[in-house]
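Below are the chains, spelled out letter by letter.
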Amino acid sequence: MTRDQPMLSFEVIHSDGNARTARLLTPHGQVNTPAFMPVGTAGSVKGVAPDRLRESGAQMILGNTYHLMLRPGAAVVEQLGGLHAMMAWEKPILTDSGGYQVFSLSHRRTIDEDGVVFRSHIDGARVRLTPESCMSIQRSLGADVIMQLDECPPGCADRREVQAAVRRSAEWARRCKQAWIDAGCLSAGGNYQALFGIQQGGSSVDLRGESSSRLVELDLPGYAIGGLSVGEGHEAMCDVLAATSDQLPADRPRYLMGVGEPRDMLAAVACGVDMFDCVLPTRNGRNAQAFTWQGRLRLRNARWISDRSPIDEGCDCYACRNFSRGTMRHLFLAGEMLAPTLVSVHNLHFFSQFMSEIRNAISRGELAKRSRAWQDALYARNDCENADDCD
Ligand SMILES: [Zn+2]
């Protein structure tokens, strides 16, 4: 790889403390950061057609390597023209490495220095994932950003286990980089793919420092922060992010994996994080829970039975333009497929608007002030419409 080849470009536009806005340019277009990526687990953002996804303001979406490698399989995705063609999504895509899901299957997998062997949750088949096969699979999927295979230790792991995971993940990053370079940094479809390394280290600042140093030596196009938001709580996550915010280079994108709770994203943006992904908008959408700037609404609640107002008067999404809270409550109770789709569309629109407002606040140097006001509005109410849980 040389610097003359088409690569991921990342240009910081405005800074506000450690927070920044930037332009991330990929072969499938530009992403304005900080950005939130909706999750298309198995080749689809659940219940949301691509035109509605575009209309929601989504700039980049995430595909799950673990799910796609098992079904339909990387070769089939490649035969179908890659993930962009399969999903009818011409904008940027990021695929994870599959490692997080594999390591979540603690009773079904064994790990050694070469990789991990696990049993498919679909048919029990024995599958081996190595840094090299992880790169090969993501090459077939064809995303713009691909992730190294890493070992994500459980939140309860002791220091010795976390340290072993840091060292193994660093070695796997080196092997992923070699495989990526051997493939010309190109997808099976011939597009440039940017490889991101993943920082591990649990809640230990010095182990995260060791992880970062080993990754930065590899000079990768971007870096992710893994192994956070695994049950340690908001305050502990913020402490780790604040203490490690200068460990990853300021001139590369930083991606906090699996985080999408608004207050977590606000804290992470203030520490210089640029990218997020989470199933929250679509999972909550399926469970009749809508995000609004005044807190969350539970649309099954009887109080909406004849309410003709939209989810959010200030929202111009497809759901709010066309449907009332009363209609949506009825659709949920009747088990209509349209109901989860409508609330997912609204929630995705809310997340796009939320990130857009964060970018505006950074560009005006007002992030801290606006963050306090947003958190007061989003979390101050403590009634049954505003529970923090996802379900
Ligand atoms: Zn809406």
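Residues numbered from 1 in each chain as written. Predicted model: local features only at pLDDT ≥ 70, side-chain atom pairs only at ≥ 80, totals over all residues. Heavy atoms only, no water.

In an ideal octahedron of six donors the angles at the metal are 90 or 180 degrees, and in an ideal tetrahedron of four donors they are 109.5 degrees. Protein-derived coordination of the zinc ion comes from Cys315 (SG), Cys317 (SG), Cys320 (SG) and His346 (ND1), at a distance range of 2.1 to 2.3 Å. Classification of the site at the zinc ion rests on its four donor atoms, whose angles at the metal span 99 to 118 degrees, yielding the label tetrahedral. (Donors = N, O, S within 2.8 Å, 3.2 Å for Na, K, Ca; no water. Tetrahedral: all angles 85-135°; square planar, octahedral: opposite > 155°, others 65-115°.)

A word on the packing of helix H9 (residues 234-244) against helix H10 (residues 262-270). Close contact between H9 and H10 brings their axes to 10 Å; oriented N to C, the two are set at 15 degrees. Taken as axis vectors, H9 and H10 run roughly parallel relative to one another. You can see that H9 and H10 cross each other, and the crossing is right-handed. For the pair H9 and H10, the contacting residues are His234, Met237, Cys238 and Leu241 in the first and Arg263, Asp264, Ala267 and Ala268 in the second. A per-class count over the contact of H9 with H10 returns five nonpolar, one polar and two charged. (Axes fitted to C-alpha atoms, helices over the stretch in contact; angles between N-to-C directions. Helix = DSSP H or I, 4+ residues; strand = E, 2+ residues; numbered from the N terminus. Parallel < 35°, antiparallel > 145°, perpendicular 65-115°, else oblique. Left-handed = near helix turned anticlockwise from the far one by under 90°. Contact = heavy atoms within 4.5 Å. Nonpolar A, V, L, I, M, F, W, Y, C, P; charged D, E, K, R; others polar.)

An ideal rise of 1.5 Å per residue puts 38 Å on 26 residues; helix H14 (residues 338-363) measures up with 38 Å between its terminal C-alpha atoms. Looking one or two residues beyond H14, the residue adopting positive phi is Gly365, at roughly 70 degrees. (Expected span 1.5 Å × (residues − 1).)

Moving on, we get to the domain arrangement of the protein chain. Under the domain assignment, the protein chain is made up of domain 1 (9-33 + 64-277) and domain 2 (284-386). For domain 1 and domain 2, the distance between their C-alpha centroids amounts to 29 Å. Contacts between the two partners involve 17 residues from domain 1 and, on the opposite side, 18 residues from domain 2. In total, about 1400 Å² of surface goes out of reach between domain 1 and domain 2, with carbon and sulfur atoms giving 73% of it. On the domain 1 side of the contact with domain 2, Asp16, Pro262 and Leu266 bury the most area, a combined 40% of that side's loss. Taken together, domain 1 and domain 2 are joined by one salt bridge. Notably, a salt bridge pairs Glu261 with Arg296, separated by 2.4 Å at the nearest N-O pair. Summed over the shared surface of domain 1 and domain 2, the number is six residue pairs in polar contact (both at pLDDT 80 or more). Among the elements of the structure, strand S1 (9-16), strand S2 (19-26), strand S3 (29-33) and H10 are those that each provide at least two residues to the side of domain 1 that touches domain 2. (Domains from an automatic or database assignment. Buried area = accessible area lost by both parts, 1.4 Å probe. Salt bridge = Lys/Arg side-chain N within 4 Å of Asp/Glu carboxyl O. Polar contact = N/O pair within 3.5 Å; in protein donor to acceptor, adjacent residues only side chain to side chain.)

Turning our attention to the sheet that holds strand S10 (residues 145-147). One closed barrel holds the eight strands; their spatial order is S4-S5-S6-S10-S11-S12-S13-S14, and the pairing between them is parallel. Sheet twist, expressed as the average angle between the axes of neighbouring strands with direction ignored, equals 30 degrees. Two strands pair when backbone bridges link them, and strand S11 (residues 194-199) and strand S12 (residues 222-225) are joined in this way by four bridges, in the parallel orientation. Within the sheet, the bridge partner assigned to Ile198 lies in S12 and is Ala224. Along the sheet face, helix H6 (residues 131-141) touches strand S6 (93-95), S10 and S11 and points at about 155 degrees away from the line of S10. (Pairing = 2+ DSSP bridges.)

This part is about the packing of aromatic side chains. Within the structure shown, the criterion is met by twelve aromatic pairs. Between Trp293 and Phe350, the aromatic rings sit 5.1 Å apart at their centres with planes inclined by 55 degrees, giving tilted as the arrangement. Taken together, the residues span a long stretch of sequence, with Trp293 in the loop between strand S15 (289-292) and strand S16 (295-298) and Phe350 in helix H14 at a distance of 57 residues. With 5.9 Å between their ring centres and 65 degrees between their planes, Phe354 and Trp374 make a pair best called edge-to-face. Highlighted residues: Phe354 in helix H14 and Trp374 in helix H15 (residues 367-379), separated in sequence by 20 residues. Taken together, the aromatic side chains of Phe36, Phe291, Trp293, Phe350, Phe351, Phe354 and Trp374 make up a single cluster linked through ring pairs. Directly above the ring of Trp304 sits Arg325, whose terminal nitrogen or CZ lies 4.6 Å from the centroid. (Phe/Tyr/Trp six-rings, centres within 6.5 Å; stacked < 30°, edge-to-face > 60°. Lys NZ or Arg CZ within 6 Å of the ring centre and 35° of its normal.)

What follows is about the layout of surface pockets. Its boundaries defined by the atoms lining it, the largest pocket holds a volume of some 700 Å³. In this structure, the largest pocket is lined by 34 residues; those nearest its centre are Tyr100, Gln101, Gly258, Asp277 and Val279. Across the lining of the largest pocket, the residue classes tally to 14 nonpolar, eleven polar and nine charged. In this model, the second largest pocket occupies a volume close to 190 Å³. As for the second largest pocket, its lining consists of 17 residues, of which Gly155, Ala157, Val162, Gly202 and Ser203 are closest to the centre. Here the lining of the second largest pocket is built from residues that sort into seven nonpolar, seven polar and three charged. (1 Å grid on protein atoms, 1.4 Å probe; cavity = no way out; pocket = protein on both sides within 12 Å on 5 of 7 lines; lining within 4 Å. Points joined across faces, edges and corners; volume = space filled by probe spheres on them.)

Take empty space enclosed by the protein next. Using the criterion set out here, one finds two cavities of 30 Å³ or more in the structure. Residue lining of the largest cavity: Gln199, Ile225, Leu241, Thr244, Ser245, Leu248, Arg254, Cys271 and Val273, and that is the complete set. Tallied by class, the residues present in the lining of the largest cavity amount to five nonpolar, three polar and one charged. Computed from the structure, the second largest cavity encloses a volume of approximately 40 Å³. In terms of lining, the second largest cavity is formed by Pro262, Phe291, Thr292, Gly295, Arg296, Leu378 and Tyr379. Counting only elements with at least two residues in the lining of the second largest cavity, the list comes to S15, S16 and H15. Class assignment of the residues belonging to the lining of the second largest cavity gives a composition of four nonpolar, two polar and one charged.

Turning our eyes to something else, we now look at the nonpolar core. Residues Tyr255 and Phe276 are the most contacted members of the largest nonpolar core, which totals 94 residues. Among the elements that take part in this core, H14 stands out by supplying nine residues, more than any other. Counting contributing residues per domain, this core is built from domain 1 (9-33 + 64-277) and domain 2 (284-386), each supplying no fewer than three. Filtering out sequence-adjacent residues up to four positions away, Phe276 remains in contact with Ala35, Phe36, Met37, Tyr255, Leu256, Val259, Met265, Ala268, Val269 and Met355. (Core = buried A, V, L, I, M, F, W, Y, C linked by side-chain atoms within 4.5 Å. Buried < 20%, exposed > 50% of the residue type's maximum accessible area, 1.4 Å probe, protein only.)

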